[in-house]
Structures are given as C-alpha cells and as structure tokens.
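Structural characterization, general
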Amino acid sequence: MSLPAEFLSEEQLSCSICLDIFINPVSTPCGHSFCLGCITSYWEGQSKTCLCPLCKENFRKRPELHINHTLKEITEQFKRMAETSVSPRNVSGDSVAAPPKVVGPFGLPEYSEQLMKEIKNRFHRSPSSERLSSQQPSAASNDAPSPSWMNKRCYSMSGTNGGGSDGQQCPTHRKCLELFCKTDQSCICTVCAETEHHGHSVGPAKREMNIKKSQLRIMEVEFQGLITVREKKIEEIKASLTEIQSIADQEVAGTVSMFGELMSAVERSQAELLEVVEMGRRAAELRSQAFIRDLEMEIADLRKRNSNLSQLAQSQDHFTFFKTYPAYSSLPATKNWTDVALTPDPTAGAVLRNVTQVVREIQESMKKLPEICLHTENSLESKIWRLQEYAMDVTLDRESAHPRLIISEDGKQVRCSDRYQNVPDTPERFDRVVCVLGRPGFSSGRHYWTVQVGVKTDWDLGVASHFINRKGKIAANPANGFWFLSLRDKHEYIFRADQSTTISLQQKPQTIGVFVDYEKGQVSFYNADTRSLIFTFTGTFASIVYPFFSPCTNKSGKNETPLIICPAGSADRIWETEK
C-alpha cells in the first residue's frame, strides 16, 4: 500500500505516551492508538483501573490489545519516506542538492512520482543506526535480533532524529545515558545494556520518562481531587460553623429577651405584692383610727360625767341634789372593749412566705436549666432524626443476582443454594461473588431500609455504585463503589474499606437498618432492635447507588437462612424518644 506524502503527518503517527512514531501500534476500545509497549507499561503503573491516557475512559477490565496492521503498515511507509528525505551524497561525500520540493495542501513536501521512486531506491541507514551497529559487533556477528528499543528511531519528514540525549554520559563507557533499566531503576548506555544489565528490562529513557510523566499527571489529577474534596469539606465546616454561630446568636438574643421579660414580670409581681401589703397596712390604720376615735369619745363623755359627779357630791342644796341624783346614780351604757383588738391583715406574712417559696422554686429551676436545655436538645435531635420518614420499599434485582442465589417471588428474600441456576450471563449479573443489588437506585435524598439477618453467621449489607465491576473478583471498598458492613464467623463485624474497620458490638443484632444521606455522602448502619448506631462512613457518591445484599455461602448448612427485607411500613424509628 502506498500513500501520497501530503497525507502523511508525524503528529498523526506519533504515540501520545512516548511522543515517538508508533512501534507495534494498538488501539483501545475508545478508539485511540498507542505503542503496544507504551500502553502496557502505562497500565502496569495503575494498580486499580485501566484508563485511556487521552480521554480517561475507564475500562472495567484490561482490554485485549491486537496490533493494528493497517496503521503499522502506514507507519512503516512513513518511516521509509522520512528516512529517504535526508539529503543524498555523491560518491565523493559532498552534498548533492536535492530537487526542489513543492509544498502540499497540508504544509508537507510534495514529491513527483519519479523523485519518490529515486528516493526509495537510494534508501540508506541513518548515521545514528550505523553508529549503533558499529558499537555492537558481537550482536551482529551472532545474528541475534536486537531489542525493539535499539531499532527505534524518531522520524520526521525533515529527516532522522536519533532520540539520544546530549546530556549526562556513562562514567564507565563514555556513552550517552539514553536508556533506562527498569530492573535497577537507573539510566544506562547501550554498552551497559549488553554487559552488566544484559537480560534486564531495558528501554529508551525518553519513552520511560514520558510514561512516568503520564502517571504523574494521573497522580496529579488524583491529588487535585483529594485537595478538592478536602477544600469542599473545609467550606462545609465553615458553613456549618457560620450556621451554628447564627443559631447561637439567635439563642443569646432570645435568652436575653426572655430573661428581660422574666425580670419585668418579677418587677410587676413585686409591685403588685407591695401594693397588696400597703393596702393591708392602710386598712389596719383606718381600723385603728376608728377604734381610737370611739374610745376618745367615750373617755370624753366619762370625764364629763365624772366632773358632774364631783360637783354633785359637793352640792349643799338638797333640792337640786335629789333632782340630779337619779341621772348619775348608775353607770352610763358604754361599749365593751374587752374583745376589741386590732388584728393583722390576713395577707400580712402570707405574701412574704409565698414569695419566698416561689423564689426558691425559681432558683432551683434556674440551677437545673442548663441540664434541661441539653436534655431538650438531645430530645429534639432524636425527634428530628426519625428515619421512618425516609423509609423506602426495596426489592431485589433478579437481573444482577449471582446464579447461585435464589430470590423469593415477592423479591424480598434471598438465600444461597449449592447449585447454579440456569440464568443468562448478562453484563449486569455478578458471576463470582454471591451478591445481588436492590431496586430502586437513587442519586439524591435520604433513604432508609431494614433487613432481617436473624442468626446468620455471614452476610454483607450496604450500597453499591452503578459503575461497579460485576465480573470476577471484587475489591470491596468505597474507592471501587462499595459501601457495606460485613459479618464473618458469627461475631466479626467489619466495614469494608482500603483499611477495613473492625467494629465491636456487645449485642448481636437480628435486624440491620441502613440509612443513606446522598448529599452528605453518609451511609450509616443501625441495630434496629436496640435502636442504636453501629457505624457511620462519610465519603462521596458520584453516581446512582443501589442497595447491596449478600447472604454469603451456606457453609455446610450453618448459614442457609435467607436475608429478608422488611416492609417499608415496619421500619423502626431510630433515636426516637420513648413515649
């Protein structure tokens, strides 16, 4: 196959990893092409997933790569055309002027058919390859095939570029350190590659550097992601602090206002009680004045009669004496003052006693006020977090169930059998781990469901992302889209993560509650029997998540009981105060 020169571009035929012309080009499922060695080394540097270096598409498993023979043929032809574009020399070694070149429509040289034929016939090895051959006589004499990196050259339409470095030289052989030994992780020269590094994994240093740079760029993106998550967390904490401070300011203002109203009410009550006391005092004063006035009037009358008696006793006129005597011979009618007394007002003393009792009660209540406020806050929190409000009706997704799992007709129970069921092997179905997803999935809001685990010895419960790997062995951790709690060997509770968290429980739960707050990235597990929190994990959800269930294997009949999804209406209220 031959192509006109104007349709050949070095940029189009260069690997984006090593930035050189393709060697054994392969294409990924997303349509991008790379050198077979470059993309293989690139993926070996990724421990978890396989990403396309250009579009970052994530492949669930490493694709099977095959050499693109068409692209390889085009690349080889381009190399030959590029090599023959070097200015030819005559027999004496002087440069011969090349015929004039015409620039094609794409900015590349355009040659006549006769010139292209002449260039191909006068193909010579580049000086760099001749030097490489002269430095390795033993390899040529033995007719041993040279490594791919020794035949690799950088080509362009203007000539050949050896790709070697003019920088550091080998202290032993005085050659450019243009190779990299992956085994010893050091830069070496071509002589070192055939002597002390013979048999090691060796390649061009420039290519290896570009591969490492690509890996560093991926790590840079991951670091930036970690930084972004933490910066968002800082903003979230700051926003929460601002909200808490605002609530505190409102509480301070409200408390000051309420105590102000309380003191105003106390002052009003004080004035009213003082007025009551004053009214009692005035009433007693009026009664005393009335008594005194009546007594003074009687005293005045008695004194007058006593004076008249004294005059009558000294009278010498018997006629006047007998005439007046009957009026003074007996005591006049007077008021009996024996039982008359000025008694205190009924309110006297009672006001002080009542005020004293009320003040003491207020003082006791004021002492208990901080404790009452804390208790009230917890009570309010427990009333607010009623997970019953977020209960959802979950059913099992048969299309995702492992072939050994048996699901009930209503989609609420799942158990593991000893035999594989005759079900189609679809992309959605787990094929190695005995687990199943639930429906519906969600990408926002708060959701809660409960699962009866009973006396099972092993189980897994939680949530899983839409983009999880469902084939082969599963790396169960949040980074791979799994957030679930596990029970192993009856008593070992573990939250699955890169560094799994072991959880100690005093009482084995019979029913597990799962609560997910999508916006906060939280998944919490509860003992629905005792209404107590088991564990909470906070992360980030990036896609639709589904309820996740695994009854685990039977273990010779010791773990054969099913997992049972409780109806949404029977979900327990966690943290709700007892009535």
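Heads up: the structure comes first, above all this text.
All of the points below concern the structure found in this document. Since we're looking at a predicted model, the values are computed, not measured. (Residues numbered from 1 in each chain as written. Predicted model: local features only at pLDDT ≥ 70, side-chain atom pairs only at ≥ 80, totals over all residues. Heavy atoms only, no water.)

Let's shift gears to unusual backbone geometry. Omega for the bond connecting Arg439 with Pro440 falls within 30 degrees of zero, at 5 degrees, which places this linkage in the cis form. Looking at the element boundaries, Pro440 is found in the loop between strand E15 (436–439) and strand E16 (446–452). Phi is positive for Gln185, close to 55 degrees, though the residue is something other than glycine. Along the chain, Gln185 falls in the loop between strand E9 (179–181) and strand E10 (186–188). (Helix = DSSP H or I, 4+ residues; strand = E, 2+ residues; numbered from the N terminus.)

Time to look at the nonpolar core. Counting residues in each nonpolar core, the largest one holds 38 residues, and the members touching the most others are Trp449, Trp459 and Phe549. Apart from the residues lying within four places of it in its own chain, the contact partners of Trp459 are Val453, Leu485, Ser486, Leu487, Arg488, Tyr493, Ile512, Ser550, Cys552 and Leu563. (Core = buried A, V, L, I, M, F, W, Y, C linked by side-chain atoms within 4.5 Å. Buried < 20%, exposed > 50% of the residue type's maximum accessible area, 1.4 Å probe, protein only. Contact = heavy atoms within 4.5 Å.)

Within helix H1 (residues 36–44), burial applies to Cys38, Ile39, Ser41, Tyr42 and Trp43. On its buried side, H1 packs onto strand E1 (25–27), strand E2 (33–35), strand E3 (50–51), strand E4 (58–59) and helix H7 (205–313).

In space, the seven strands of this open sheet follow the order E12-E15-E24-E17-E18-E19-E20, with antiparallel pairing throughout. Looking at which strands have only one partner, the edges of the open sheet turn out to be strand E12 (395–396) and strand E20 (501–503). Pairing of strand E19 (residues 492–495) with E20 involves three bridges; the strand directions are antiparallel. The residue bridging Tyr493 from the neighbouring strand is Ile503, located in E20. (Pairing = 2+ DSSP bridges.)

Applying the stated criterion to the full structure yields two cavities of 30 Å³ or more. As a volume, the largest cavity reaches approximately 40 Å³. Residue lining of the largest cavity: 12 residues in total, with Met392, Trp449, Thr450, Cys566 and Ala568 positioned closest to the centre. Per-element tally for the lining of the largest cavity: the top contributor is E16, with three residues. (1 Å grid on protein atoms, 1.4 Å probe; cavity = no way out; pocket = protein on both sides within 12 Å on 5 of 7 lines; lining within 4 Å. Points joined across faces, edges and corners; volume = space filled by probe spheres on them.)

We now examine a nonpolar patch on the surface. On the surface, a cluster of nonpolar side chains totalling about 520 Å² of accessible area is made up of Leu262, Val266, Val358, Ile362, Met366, Leu369 and Ile372. In terms of residues, the nonpolar patch owes the most to one element, helix H9 (residues 350–384), which gives five residues. Summarising the element assignment, Met366 is placed in helix H9. (Patch = residues over 30% accessible without salt bridge, like charges linked within 9 Å, V, L, I, M, F, W, Y side chains within 5 Å. Areas by Shrake-Rupley, 256 points an atom, 1.4 Å probe, with all protein chains shown as cover. Salt bridge = Lys/Arg side-chain N within 4 Å of Asp/Glu carboxyl O.)

Before going further, it helps to examine the sheet that holds strand E14 (residues 413–416). Here seven strands make up an open sheet; going across it, the order is E13-E14-E25-E16-E21-E22-E23 and the pairing antiparallel. Either end of the sheet is taken by a strand with one partner, and the two such strands are strand E13 (405–407) and strand E23 (532–538). For this sheet the average axis-to-axis angle between neighbouring strands, irrespective of direction, equals 20 degrees. Looking at chain direction, E13 and E14 are connected through three bridges and run antiparallel. Note that in E14 the partner of Leu405 across the bridge is Cys416. (Axes fitted to C-alpha atoms, helices over the stretch in contact; angles between N-to-C directions.)

Mapped onto the secondary structure, Thr538 falls in strand E23. A relative accessible area of 38% means that Thr538 is categorised as partly exposed. Counting along the chain gives 21 residues from Thr538 to Asp517, while the straight-line C-alpha distance between them is 9.4 Å. Apart from residues lying up to four places away in sequence, Thr538 is in contact with Lys233, Lys520, Gly521 and Gln522.

By themselves, these observations are geometric and do not establish any function.
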